Amino acid sequence: MIDTATQPAEIPLDTQDIAARLSILLAGRYLVLRLIGIGGMASVYLVRHRIHHGLFAVKVLHPALAEQPELLARFRREGLLCARLAGHPNIAPVLDIGEGDGLHYLLMPYIRGEDLDHLLARTGPFSFHDAMLATIQVNEALLYAWNNGVLHCDLTPGNIRLNEFGQFILVDFGLASTSLSPKHPVLPPTTTPRPGTPLYMSPERILNEPIDIRSDLYALGAILYELLTGEAAFRPGIGNSEDTIAQIERNHLSPSRSLAHPLLRKHPGIQPLLQSLLALSPAERFADPIKLQQALRTLTHYPPAPSLHPEIESEPQPTPPRRRLSFR
Ligand SMILES: Nc1ncnc2c1ncn2[C@@H]1O[C@H](COP(=O)(O)OP(=O)(O)OP(=O)(O)O)[C@@H](O)[C@H]1O
């Protein structure tokens, strides 16, 4: 992810020092085992609970970034939004938010497995079945977030992990947005560049126009393309949103060009699906994850998930006491 607006080019980061401070901070409850990975905003550590031995991931905001109020607020918001989304099988929830000794951290369940960036690099393009399964599951996560007033806004293969049970799990809600209305956010246009990962950013996001769920669906389309072909859907000036904007303006992102990939022709129905997901204009895309879900299920003959009985969906009610039968 790049953040041209706020992020320094070089973040001084001593992960051993952070791990040592984290060990002291969490001392009573968790043992810090090792560093899992480093992102643009945070480093993530594997920890073990001292009593029940469960494994967790602790995401620590880079200390240098914690000094920037806007980035600290964004990190806290990530924690709050992810805590709100707890309970969905395709979203890594935040279980605890804490700070101390200048460190700000989020505690999450550890997702054993690999992110899709690494998986693609290791195994090459996915089978049609696996690519569609990933898309269906991530779309379910987007639907749940959207229904809870959240847009992910930084959907990339690196932010999706495949766990040991074959579930695709969305991590990193660091750029997620929410609006005042409780459901289905629409974010206003901005005057400054939005942070993000150019390869997966929708045209309207790059151009600072209003964005809604269709911007996340565009990113999902770019990921599906990459899973099926092993190649990025677009090749803009990587890492430089200026180049990307210039290329959009020159219409280099026209989907018709890249959808001619031979691996896509093998699967009837996939090209129109990608055409809709990757349409330059949001008006030409699937309107929402429900519409996409229907198309994905038709294409894969995947049965719809059983929906909860309405009584189960509502808040649990206390069970009335059983009437005792009395016998004489
Ligand atoms: N709960 C988790 N379990 C296991 N690994 C995780 C977990 N959360 C994050 N990771 C891994 O840790 C690494 C860094 O995490 P993440 O991408 O969330 O950091 P970030 O700084 O927010 O990233 P970005 O650069 O996209 O802003 C990634 O490889 C990610 O897959």
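Residues numbered from 1 in each chain as written. Predicted model: local features only at pLDDT ≥ 70, side-chain atom pairs only at ≥ 80, totals over all residues. Heavy atoms only, no water.

### Some remarks on the overall build of the chain
Formally: Numbering of helices and strands runs from the N terminus, with a helix taken as a DSSP run of H or I at least four residues long and a strand as a DSSP run of E at least two residues long. Think of it in three bands: with a 1.4 Å probe and only protein chains considered, a residue is buried below 20% of the maximum accessible area for its type, exposed above 50%, and partly exposed in between. Pairs of residues are marked as contacts when any of their non-hydrogen atoms sit within 4.5 Å. For every accessible area listed, the method is Shrake-Rupley and the probe measures 1.4 Å; residues are considered covered only by the protein chains on display.
Each helix and strand in the chain was counted, giving 13 helices and 10 strands. Looking at the chain residue by residue over its 328 residues, the buried ones come to 50%. Across the chain, the fraction of contacts at a sequence separation of at least 24, relative to all contacts at a separation of at least 6, is 62%. In the structure as shown, the chain presents an accessible area of about 16800 Å², 55% of it carried by carbon and sulfur atoms.

### Focus on the layout of surface pockets
Here is the rule: Each cavity reported here is a set of points on a 1 Å grid over the protein atoms alone in which a 1.4 Å probe fits but cannot get out, each pocket an open set with protein on both sides within 12 Å along at least five of seven lines, and each lining residue one with an atom within 4 Å of a point. Grid points are joined across faces, edges and corners, and a volume is the space filled by probe spheres set on the points. Note on residue categories: nonpolar means Ala, Val, Leu, Ile, Met, Phe, Trp, Tyr, Cys or Pro, charged means Asp, Glu, Lys or Arg, and polar means any other residue, Gly included. As used throughout, domain bounds are those supplied by an automatic or database domain assignment.
Of the volumes computed, that of the largest pocket is approximately 850 Å³. Around the largest pocket sit 33 residues that line it, and Gly-39, Asp-115, Gly-158, Asn-159 and Val-171 are the ones nearest its centre. Looking at the lining of the largest pocket, the elements that each hand over two or more residues are β1 (30-38), β2 (42-49), β3 (55-61), β5 (103-109), β6 (113-115) and α4 (116-123). Tallied by class, residues from the lining of the largest pocket come to 15 nonpolar, 10 polar and 8 charged. Looking at the lining of the largest pocket, you find at least three residues from each of domain 1 (2-109) and domain 2 (113-300).

### What to know about the pairing of strand β8 (residues 160-163)
As a reminder of what qualifies: Pairing between strands requires that DSSP locate at least two bridges from one strand to the other.
Pairing geometry for β6 and β8, over 3 bridges, is antiparallel. The partner of Gly-113 across the bridge, within β8, is Asn-163. Pairing of β8 with strand β9 (residues 168-170) involves 3 bridges; the strand directions are antiparallel. Its bridge partner being in β9, Leu-162 is matched across the sheet by Phe-168. A loop of 4 residues connects β8 with β9, the two strands running antiparallel in sequence, and Gly-166 in this loop sits at a positive phi of about 80 degrees.

### Description of the site of the ligand
The condition that has to hold: One heavy atom within 4 Å of a molecule or strand is enough for the residue carrying it to be called near that molecule or strand. Distance and chemistry together define a polar contact, namely a pair of N or O atoms within 3.5 Å, with one atom able to donate a hydrogen and the other to accept it when in protein, and with adjacent residues in sequence counting only for side-chain atoms on both sides. Think of it this way: a molecule belongs to a cavity or pocket when more than half its atoms come within 2 Å of the grid points there.
In the vicinity of the ligand, 18 residues are found, and the nearest of them are Gly-40, Met-41, Lys-59, Arg-161 and Asp-172. Here Ala-42 contributes a backbone N or O atom positioned 2.8 Å from an oxygen atom of the ligand. Between the ligand and Asp-172, the relevant distance is 2.8 Å, taken from an oxygen atom to a side-chain nitrogen or oxygen of the residue. At a threshold of 2 Å from the grid points, most atoms of the ligand map onto the largest pocket. Those elements giving two or more residues to the shell around the ligand turn out to be β1, β2, β3 and β5. Across the shell around the ligand, the residue classes break down as 10 nonpolar, 4 polar and 4 charged. Here the shell around the ligand spans two domains, and each of domain 1 (2-109) and domain 2 (113-300) adds at least three residues to it.

### Brief notes about unusual backbone geometry
Despite not being glycine, His-53 has its phi angle at roughly 70 degrees, a positive value. Assignment of secondary structure puts His-53 in the loop between β2 and β3. For His-53, a relative accessible area of 51% puts it in the exposed group. In this structure, Asn-208 takes a positive phi of about 60 degrees despite not being glycine. If you trace the backbone, Asn-208 turns up in the loop between α6 (203-206) and α7 (213-229).

### Focus on the sheet that holds β3
Rules: Orientation is described by axes fitted as lines to C-alpha atoms, over the contacting stretch for helices, and by angles from 0 to 180 degrees between their N-to-C directions.
As summarised here, the arrangement of the 5 strands in space is β1-β2-β3-β5-β4, forming an open sheet in which the pairing is antiparallel. Each edge of the open sheet carries a strand with a single partner, namely β1 and β4 (96-100). Between one strand and the next, the sheet's axes are offset by a mean angle of 30 degrees, whatever the strand orientation. Alignment of β1 against β2, held across 7 bridges, turns out to be antiparallel. Bridging from a neighbouring strand, Arg-34 pairs with Leu-46 of β2. Packed on one face of the sheet, helix α1 (residues 15-25) meets β1, β2, β3, β4 and β5 and runs near 40 degrees to β2. Strands in contact with helix α3 (residues 69-84) are β2, β3, β4 and β5; relative to β5, the strand with the most contacts, it is inclined by about 20 degrees.

### Comments concerning the pattern of salt bridges
Threshold: The rule for a salt bridge is simple: a side-chain nitrogen of Lys or Arg has to be within 4 Å of a carboxyl oxygen of Asp or Glu.
In this structure the tally under the stated criterion is 10 salt bridges. For the salt bridge of Arg-297 with Glu-140, the shortest nitrogen-to-oxygen distance reads 2.7 Å. Of this pair, Arg-297 sits in helix α12 (residues 289-300) while Glu-140 sits in helix α5 (residues 128-147); the two residues are 157 residues apart in sequence, bridging distant segments of the chain. Residue Glu-140 is classed as buried on the basis of its relative accessible area of 18%. A salt bridge links Arg-214 to Asp-212, with the nearest nitrogen and oxygen atoms 2.7 Å apart. The exposure class assigned to Arg-214 is partly exposed, which follows from its relative accessible area of 23%. Each member of the salt-bridge network shares a partner with another, and the members are Asp-17, Arg-21 and Asp-101.

### Things to note about the packing of α7 against helix α11 (residues 270-277)
Let me state the cut-off plainly: If you view the pair so one helix is near and one far, a crossing is left-handed when the near helix is turned anticlockwise from the far one by less than a right angle, and right-handed when it is turned clockwise.
For the pair α7 and α11, interaxial distance at closest approach is 8 Å and the crossing angle is 145 degrees. Once α7 is placed against α11, the crossing between them reads as left-handed. On the side of α7, the interface is formed by Leu-217, Tyr-218, Gly-221, Leu-224, Tyr-225 and Leu-228, while α11 contributes Ile-270, Leu-273, Leu-274 and Leu-277. Class assignment of the residues belonging to the contact of α7 with α11 gives a composition of 9 nonpolar, 1 polar and no charged.

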